[in-house]
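Topology and contacts: notes
The lines below spell out each chain.
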Amino acid sequence: MDQVQDNVTIKRIENDYDKEIVLVSDYENFDIKKVPLYDALILDYTERDKCLKALRDVRGSGIESIYLIPLFVLSIAEIKNQEIVELADGIINNIQTDTINTFVENVKSKRRQLKPFNMNAEINKNLIKMLRFSFSRDKELKPVKDRHHIIGFKYPILSLSLGDDNARMQIQTVHEAVEKEFFKAEYVDRLHLCGNCSSGFLNYKELDPETNSSHLETENLIHHFTCAYIGPESDFVRGDQYICPKCNKTLRHIGVDYDKPSVMYHVVGSDRYFQEPVMKAECMSCGRQNEVEGLQQYDVYNLALTEEGKEEAIQPKGSQSVQDVVYSGFITYSTFGTFLRYEIERVKTSTRNSSIGLIRLNITSKMESELGTRYGKIIEEISSFISNNTDSSCILSRSMHSFFILFPDTPLEKCQMKIEKIKSAVIELLKNNVKDQNINVHSTVREITPTSEYQTVLNDLRASILND
Ligand SMILES: [Zn+2]
Ligand SMILES: [Zn+2]
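Residues numbered from 1 in each chain as written. Chains lettered and ligands numbered in written order. Predicted model: local features only at pLDDT ≥ 70, side-chain atom pairs only at ≥ 80, totals over all residues. Heavy atoms only, no water.

**Things to note about the overall build of the protein chain**
Summing up its helical and strand segments, the protein chain has 14 helices and 24 strands in all. Compactness check: the protein chain gives a C-alpha radius of gyration of 30 Å against a globular reference of 23 Å for 468 residues, more than 25% above the reference. Expressed as a percentage of the 468 residues in the protein chain, the buried residues total 49%. Here the analysis covers contacts within the protein chain between residues at least 6 apart in sequence; of these, 67% occur between residues at least 24 apart. Here the protein chain displays about 23900 Å² of accessible surface, and carbon together with sulfur accounts for 49% of that area. Of the charged side chains in the protein chain, 57 are positive and 69 negative; the average position of the first set lies 3 Å away from that of the second. (Helix = DSSP H or I, 4+ residues; strand = E, 2+ residues; numbered from the N terminus. Rg over C-alpha atoms; globule rule 2.2 N^0.38 Å. Buried < 20%, exposed > 50% of the residue type's maximum accessible area, 1.4 Å probe, protein only. Contact = heavy atoms within 4.5 Å. Areas by Shrake-Rupley, 256 points an atom, 1.4 Å probe, with all protein chains shown as cover. Lys, Arg positive; Asp, Glu negative; His and termini not counted. Charge placed at Lys NZ, Arg CZ, Asp CG, Glu CD.)

**Topic: the sheet that holds strand S9 (residues 202-207)**
By definition, the strands of a sheet pair up through backbone hydrogen bonds, in either a parallel or an antiparallel sense. Sheet architecture is open: three strands sit in the order S9-S17-S18, paired in antiparallel fashion. Edge positions in the sheet fall to S9 and strand S18 (289-291), since each of these pairs with one other strand and no more. Ignoring strand direction, the axes of neighbouring strands in this sheet form an average angle of 35 degrees. Of the pairings in the sheet, the one linking S9 to strand S17 (residues 278-283) comprises six bridges and is antiparallel in character. Across the sheet, residue Leu 202 finds its bridge partner in S17, namely Cys 283. (Pairing = 2+ DSSP bridges. Axes fitted to C-alpha atoms, helices over the stretch in contact; angles between N-to-C directions.)

**What to know about the domain arrangement of the protein chain**
Here the protein chain is partitioned into domain 1 (3-113), domain 2 (209-276) and domain 3 (322-468). Taken over C-alpha atoms, the centre of domain 2 sits 53 Å from the centre of domain 3. (Domains from an automatic or database assignment.)

**A closer look at the UniProt feature "domain: Thaumarchaeal output" (unreviewed entry) in the protein chain**
With numbering aligned to this structure, UniProt lists the feature "domain: Thaumarchaeal output" (unreviewed entry) at residues 123-303. Here residues 123-303 is 17% helix and 35% strand, with 19 Å between the C-alpha atoms at its ends. (UniProt positions renumbered as here; feature names shortened; annotations may be inferred.)

**Let's talk about the pairing of strand S2 (residues 21-24)**
Remark: a regular strand shows side chains that alternate across the two faces of the sheet. Burial along S2 is two-sided: the face carrying Ile 21 and Leu 23 and the face carrying Val 22 and Val 24 are both buried. Sheet topology places strand S1 (residues 10-12) next to S2; three bridges connect them, and they run antiparallel. Looking at S2, one finds that Ile 10 is bridged to Val 24. By the bridge criterion, four bridges tie S2 to strand S3 (residues 40-44) in an arrangement that is parallel. From the neighbouring strand, Val 24 faces S3, where its bridge partner is Leu 43.

**Thoughts on the packing of helix H12 (residues 373-388) against helix H13 (residues 412-433)**
Between H12 and H13, whose axes approach to 11 Å, the crossing angle comes to 150 degrees. What the angle tells us is that H12 and H13 run roughly antiparallel. Considering only the axes of H12 and H13, their crossing is right-handed. Between H12 and H13, the residues in contact are Arg 374, Ile 378, Glu 381, Ile 382, Phe 385 and Ile 386 and Ile 422, Ala 425, Val 426, Leu 429, Leu 430 and Asn 433, respectively. Grouping the amino acids of the contact of H12 with H13 by side-chain chemistry returns nine nonpolar, one polar and two charged. (Parallel < 35°, antiparallel > 145°, perpendicular 65-115°, else oblique. Left-handed = near helix turned anticlockwise from the far one by under 90°. Nonpolar A, V, L, I, M, F, W, Y, C, P; charged D, E, K, R; others polar.)

**Remarks on the sheet that holds strand S23 (residues 402-407)**
Strand order in the open sheet made by the five strands is S20-S22-S23-S21-S24, with mixed pairing throughout. The sheet terminates laterally at strand S20 (330-331) and strand S24 (440-448), the two strands that pair on one side only. Bridge count for strand S21 (residues 354-362) against S24 is nine bridges, and the pairing is antiparallel. For Ile 359, the partnering residue across the bridge sits in S24 and is Ser 443. Sheet contacts for H12: S20, S21, strand S22 (395-399) and S23; angle to S23, the most-contacted strand, approximately 10 degrees. The strands touched by H13 are S21, S23 and S24; relative to S24, the strand with the most contacts, the crossing angle is about 165 degrees.

Below is the structure:
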């Protein structure tokens, strides 16, 4: 029944290649379900908002034959919107069917290589989408600035598939992509995000440490040499003169009989003065008052597909690789996440904080293959060393060559000491066993407080190491 409508709204472009290349100008009748029937889509940019919406609908689809369709945006004017640049396969100002045909053929040959896979809990389908999109058009994925996005930066193809939990899912997915070396990460920028909800929309402010007020004004401090009195400038002002409130003398020359040694903060509307304000970053999304040191550091990268990434795009395996054996005393990473959540709940009712530490061997996939069978042995030895040298109350997990250790009821300094000890032992162990490779070992620790959020704790731990 849409047949007649189609003829009006969807214009088939004549070509010598027997391809269904269609131009969409009237978006009211554009039906996304028909996309798999076409070889290529050209979206007319005359109606910008509708064009962008159609582009987002296509690329945001979870169906491969829709989101992988070759798609061009037709515009006479230059388009600066980076999201369009990222999502479209090209911005064109005229239709050249030979060029489009070449592109379509390239994407087709890549798509023929893609193998079906069984969805399982270990497979992150958003990551597979990123991989397949990047692979099918040899495209580097670039982060795009977006003030409407919670982090402030998004990877358009990924962001479209994520729901409400966009920030956390983005951080997690990109982290997984880089840690598994599916993408080579090229640094673009560093952000600081809310430690609770990962929002990048923060209000940095100076506060009175006592009353928490941000309604502050600064005032010069005056030091009267003659009588040694020090007080705020306003205490000295009498008309257009400075008169010392202590000795009643008139102040004459700065540097001679008085000085302005520093500034004081004054809480407006009160008589409270103080010297050192605290800096807080209030989250405009969840309201948390973050300590500036407690902000989550997050780096954004250009992502270029690696050989491993290509393999994963073609045949997704998730994390079920042979190396993902669980060593005795260790629990899986996902169970560890659950334990961590329980631990945060427990800390809320306990008087003591807990800590968590991470030790990571910096082994690239190239080193891993050069190590061959020794790789598994090394991981096994380190695992048993860690399990023999931590208290039985500690909870251990391993993901690739990262070792996570949860220390219940352990203050941060103590955890730090233990982690340092383990780290030096691991370095020693590597030195003795692997003479031909230089494997760096990184470590980091974090405190678990009643306000911790488990995913943030894990992301933050891993991020701090990647940023070394
Ligand atoms: Zn004085
Ligand atoms: Zn927040």
